[in-house]
Amino acid sequence: MNQLLEVDNLKINLETQSGTVQAVRGVSLKLAPKQILAVVGESGSGKSMTVKGILKLLPKTGGIVGGKILFEGKDITDYSVKQMRSINGSEMSMIFQDPMTSLNPTMTIGKQISEVLREHTKMNAKQRRARAVELLNLVGISYPEKRYSQYPHQLSGGMRQRVVIAIALACNPKVLIADEPTTALDVTIQAQILDLMRSLQEKFGTAIILITHNLGVVANIAQNVSVMYGGMIVESGTVEEIFYDAKHPYTLGLLASIPNVDEKDKELNIIPGTPPDLIDPPKGCPFSSRCPRAMEVCHQYAPEKTMVSGTHWLSCWLMDPRADKQHGGDRA
């Protein structure tokens, strides 16, 4: 299948007062046209930094230090911010997690949508207004003509997030990146926003990368899932493979942490310990210090990728044929 977006062995470093943070350590992703890919992992795993690297939205202290990014077969790895302006907003767009900080509080909703259209299309003012109203209606905002002239503070959190989605969709992008789009919203609104994204993807065929820390929100929206930990992808597969045949201990821990409404009295499962320090990352598996099944080799050497099927792979020493013997008596 021809890939719309390919990320190969991407590495991103951040310079801090404490040292160099290896925020993304060899991430590879593939996104096909019309596909929804979920990238899952806890805070600090490198999810947001990966997609910000793709769009060249890294902080001034950050930079890509290795790997390739291909968009429609074209290498955009070394594109400058100026070069990316022709792509960002028109070919690729991003939905940020906090709509209040994503929107300009001093500009009307309509003005903010129109600015994107003015930058990337040849529409005149009348056409831009009509398109903005159309987009507000498309994302389910009632009285779009009225909302067009309102400011962000006059809208609810759910409505603001719908406006952010409208802005991202203004130029019919081929790739939509949603970075924790439901984090600041209550459960009911979360479901509405996810339903909206799925319906828009089905209607326009936009490919979506959904960044989230919650596996529970991706079950009904994604086709493929990549699980990140410690700046790396530790397991990847179809949504069915990840939910029903996960093999990496970290993925299994995430799945076990999903609350079950049928077991209200059961204590919530947690993954003990803390994520690794990416200024001085572990030389072995990044999850080894928290893994209940870790062996000595897990602390010393990074595991190779093991293919479980044509679409399902993971990096874990437990998949090594020698692990059965060693795991029986040589645990770390």
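Just so it is clear, the model here is predicted, and its values are computed rather than measured.

Undergrad: Just to check I follow, could you spell out the pattern of salt bridges for this structure?
TA: Think of it this way: side chains of opposite charge can pair up when their charged atoms draw near. Inspection of the entire model under this criterion finds nine salt bridges. A salt bridge links Glu115 to Lys111; the nearest nitrogen and oxygen atoms lie 3.6 Å apart. Of this pair, Glu115 and Lys111 both sit in helix H4 (residues 109-120), separated by four residues, roughly a single helical turn. Among the residues examined, Glu115 registers a relative accessible area of 28% and is labelled partly exposed. Note that Arg118 and Glu115 form a salt bridge whose closest N and O atoms lie 3.0 Å from each other.

Undergrad: I keep staring at the side chain of Ser315 and nothing clicks. Help me out?
TA: Mapped onto the fold, Ser315 is located in strand S12 (residues 313-315). Among residues more than four places away in sequence, those in contact with Ser315 are Ile233, Val234, His248, Pro303, Glu304 and Lys305.

Undergrad: Please explain the layout of surface pockets as it appears in this structure.
TA: Think of a ball as big as a water molecule: rolled over the atoms, this probe shows where empty space is left. By volume, the largest pocket amounts to about 600 Å³. Forming the walls of the largest pocket are 22 residues, and the residues nearest its centre are Gly89, Met94, Phe96, Val116 and Ile167. For the lining of the largest pocket, the secondary structure elements donating two or more residues are strand S6 (92-95), H4 and helix H7 (157-169). Of the residues forming the lining of the largest pocket, the biggest block, six residues, is contributed by H4. Counted by class, the lining of the largest pocket contains eleven nonpolar, seven polar and four charged residues.

Undergrad: Please clarify how empty space enclosed by the protein should be interpreted in this entry.
TA: Counted by the stated rule, this structure contains one cavity of 30 Å³ or more. Counted as a void, the largest cavity has a volume near 70 Å³. Forming the boundary of the largest cavity are His248, Pro249, Cys285, Phe287, Ser288, Cys291, Arg293, Ala294, Cys298, Cys316 and Leu318. Among the residues making up the lining of the largest cavity, the classes are represented as eight nonpolar, two polar and one charged.

Undergrad: How do you make sense of the packing of aromatic side chains when you look at a structure like this?
TA: Any pair of aromatic rings gets described here by the distance separating the centres and the angle formed by the planes. For the structure on display, the rule yields three aromatic pairs. The interplanar angle of 50° and the centroid separation of 4.6 Å between the aromatic rings of Tyr229 and Tyr250 together place this pair among those described as tilted. You can see Tyr229 sitting in strand S9 (residues 224-229) and its partner Tyr250 sitting in helix H10 (residues 249-256), a full 21 residues away along the chain. Exposure remark for Tyr229: the relative accessible area of 1% places this residue in the buried category. By relative accessible area, which is 0% here, Tyr250 ends up buried. Here a set of aromatic residues connected by ring pairs shows up, and it is made of Tyr229, Tyr250 and Phe287. The side chain of Arg129 reaches across the aromatic face of Tyr148, ending 4.2 Å from its centre. Positioned over the ring face of Trp313 is Lys305, at 4.3 Å from the centre of the ring.

Undergrad: Looking at this model, I keep getting lost on the nonpolar core. Mind explaining?
TA: The tendency in soluble globular proteins is for nonpolar side chains to be buried as a group. The biggest cluster of nonpolar side chains holds 65 residues, and the ones touching the most others in it are Ile113, Ile165, Val218 and Val225. Among the elements that line this core, the one with the most residues is H7, at eight residues.

Undergrad: Teacher, can you tell me more about the environment of Gln3 here?
TA: Here Gln3 is to be found in the segment before strand S1 (5-16). When the C-alpha atoms of Gln3 and Leu169 are compared, they prove to be 21 Å apart, with 166 residues separating the residues in sequence. Not counting chain neighbours up to four residues away, the residues in contact with Gln3 comprise Lys30, Leu31 and Ala32. A distance of 3.5 Å separates a polar side-chain atom of Gln3 from the backbone nitrogen of Leu31. Within the local environment of Gln3, its side chain forms a polar contact with the backbone nitrogen of Ala32, the two atoms lying 3.4 Å apart.

Undergrad: What's the story with the packing of H4 against helix H5 (residues 125-138) in this structure? I'm lost.
TA: Packed helices, taken two at a time, are described by the angle between their axes plus the distance between the axes. Two elements in contact, H4 and H5, have axes whose closest approach is 9 Å; the angle formed by their N-to-C orientations is 115°. The two elements H4 and H5 cross, and the hand of that crossing is right-handed. Along its contact with H4, which presents Ile109, Gly110, Ile113, Ser114, Leu117 and Arg118, the element H5 presents Arg128, Arg131, Ala132, Leu135 and Leu136. Class assignment of the residues belonging to the contact of H4 with H5 gives a composition of six nonpolar, two polar and three charged.

Definitions and limits used
Residues numbered from 1 in each chain as written. Predicted model: local features only at pLDDT ≥ 70, side-chain atom pairs only at ≥ 80, totals over all residues. Heavy atoms only, no water. Salt bridge = Lys/Arg side-chain N within 4 Å of Asp/Glu carboxyl O. Helix = DSSP H or I, 4+ residues; strand = E, 2+ residues; numbered from the N terminus. Buried < 20%, exposed > 50% of the residue type's maximum accessible area, 1.4 Å probe, protein only. Contact = heavy atoms within 4.5 Å. 1 Å grid on protein atoms, 1.4 Å probe; cavity = no way out; pocket = protein on both sides within 12 Å on 5 of 7 lines; lining within 4 Å. Points joined across faces, edges and corners; volume = space filled by probe spheres on them. Nonpolar A, V, L, I, M, F, W, Y, C, P; charged D, E, K, R; others polar. Phe/Tyr/Trp six-rings, centres within 6.5 Å; stacked < 30°, edge-to-face > 60°. Lys NZ or Arg CZ within 6 Å of the ring centre and 35° of its normal. Core = buried A, V, L, I, M, F, W, Y, C linked by side-chain atoms within 4.5 Å. Polar contact = N/O pair within 3.5 Å; in protein donor to acceptor, adjacent residues only side chain to side chain. Axes fitted to C-alpha atoms, helices over the stretch in contact; angles between N-to-C directions. Left-handed = near helix turned anticlockwise from the far one by under 90°.

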